[in-house]
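Structural features, examined
Here is what each chain is made of, one letter per residue.
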Amino acid sequence: MNNHKVMIIDFALNGPQTCFVKFSGYDDELKREFTGMVRFVGELPYGDVIHPAKSELSNSCREFLKNYLIQRYNEGQFHE
């Protein structure tokens, strides 16, 4: 089992349905740190860091990150 880590650095709302989230973390499978940003449109995150064909993260870390961000979004962490 991997011990991936994510820390939210900042977020900014841009209109009623768009939110940018900046974060850093650690990909335990690749043994390296990363930083990135995603854009939520509605309840869905978009960005190269979580895109299956564009991400430089391991598949397990990419899925962990995506699920973590969606969970935090649904809990209201990125709403003012």
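Here goes a summary of the coordinates provided. (Residues numbered from 1 in each chain as written. Predicted model: local features only at pLDDT ≥ 70, side-chain atom pairs only at ≥ 80, totals over all residues. Heavy atoms only, no water.)

Remarks on the packing of aromatic side chains
Tallying each qualifying case throughout the model produces five aromatic pairs. Ring geometry for Phe40 versus Tyr73: centroids 4.4 Å apart, planes at 10°, classification stacked. A residue pair is termed long-range when its members are at least 10 positions apart, and Phe40 in strand E3 (residues 32-41) and Tyr73 in helix H1 (residues 59-74) qualify at 33 residues. Residue Phe40 shares its accessibility class with Tyr73, and that shared class is buried. A ring pair is formed by Phe64 and Tyr68, whose centres lie 6.3 Å apart and whose planes are at 20°; its orientation type is stacked. Taken as a pair, Phe64 and Tyr68 lie in helix H1 at a separation of four residues, close to a single helical turn. Given the relative accessible area of 33%, Phe64 is considered partly exposed. Through pairs of rings, three or more aromatic residues link up here, namely Phe11, Phe40, Tyr73 and Phe78. (Phe/Tyr/Trp six-rings, centres within 6.5 Å; stacked < 30°, edge-to-face > 60°. Helix = DSSP H or I, 4+ residues; strand = E, 2+ residues; numbered from the N terminus. Buried < 20%, exposed > 50% of the residue type's maximum accessible area, 1.4 Å probe, protein only.)

Some details on the nonpolar core
Ranked by size, the top nonpolar core spans 17 residues in total, and within it Val21, Phe23, Val38, Phe40, Leu65, Leu69 and Phe78 carry the most contacts. Those elements that place two or more of their residues in this core are strand E1 (5-13), strand E2 (18-27), E3 and H1. Among residues more than four places away in sequence, those in contact with Leu65 are Val6, Phe23, Phe34, Val49, Ile50 and Leu57. (Core = buried A, V, L, I, M, F, W, Y, C linked by side-chain atoms within 4.5 Å. Contact = heavy atoms within 4.5 Å.)

Looking at the environment of Cys61
By secondary structure assignment, the location of Cys61 is in helix H1. Considered as a pair, Cys61 and Asp28 are 33 residues apart in the sequence and their alpha carbons are 7.6 Å apart. Excluding its chain neighbours within four sequence positions, the residues that come into contact with Cys61 are His4, Tyr26, Asp27 and Phe34.

Remarks on a nonpolar patch on the surface
On the surface, Val41, Leu44 and Tyr46 cluster together into a nonpolar patch covering about 260 Å² of accessible area. Following the sequence through the fold, Val41 ends up in strand E3. Relative accessible area serves as the criterion here: at 32%, Val41 is assigned to the partly exposed category. (Patch = residues over 30% accessible without salt bridge, like charges linked within 9 Å, V, L, I, M, F, W, Y side chains within 5 Å. Areas by Shrake-Rupley, 256 points an atom, 1.4 Å probe, with all protein chains shown as cover. Salt bridge = Lys/Arg side-chain N within 4 Å of Asp/Glu carboxyl O.)

A short note on the side chain of Ser24
Inspection of the secondary structure puts Ser24 in strand E2. With residues near it in sequence (within four places) discarded, Ser24 still touches Lys5, Val6, Met7, Ile9, Phe34 and Thr35.

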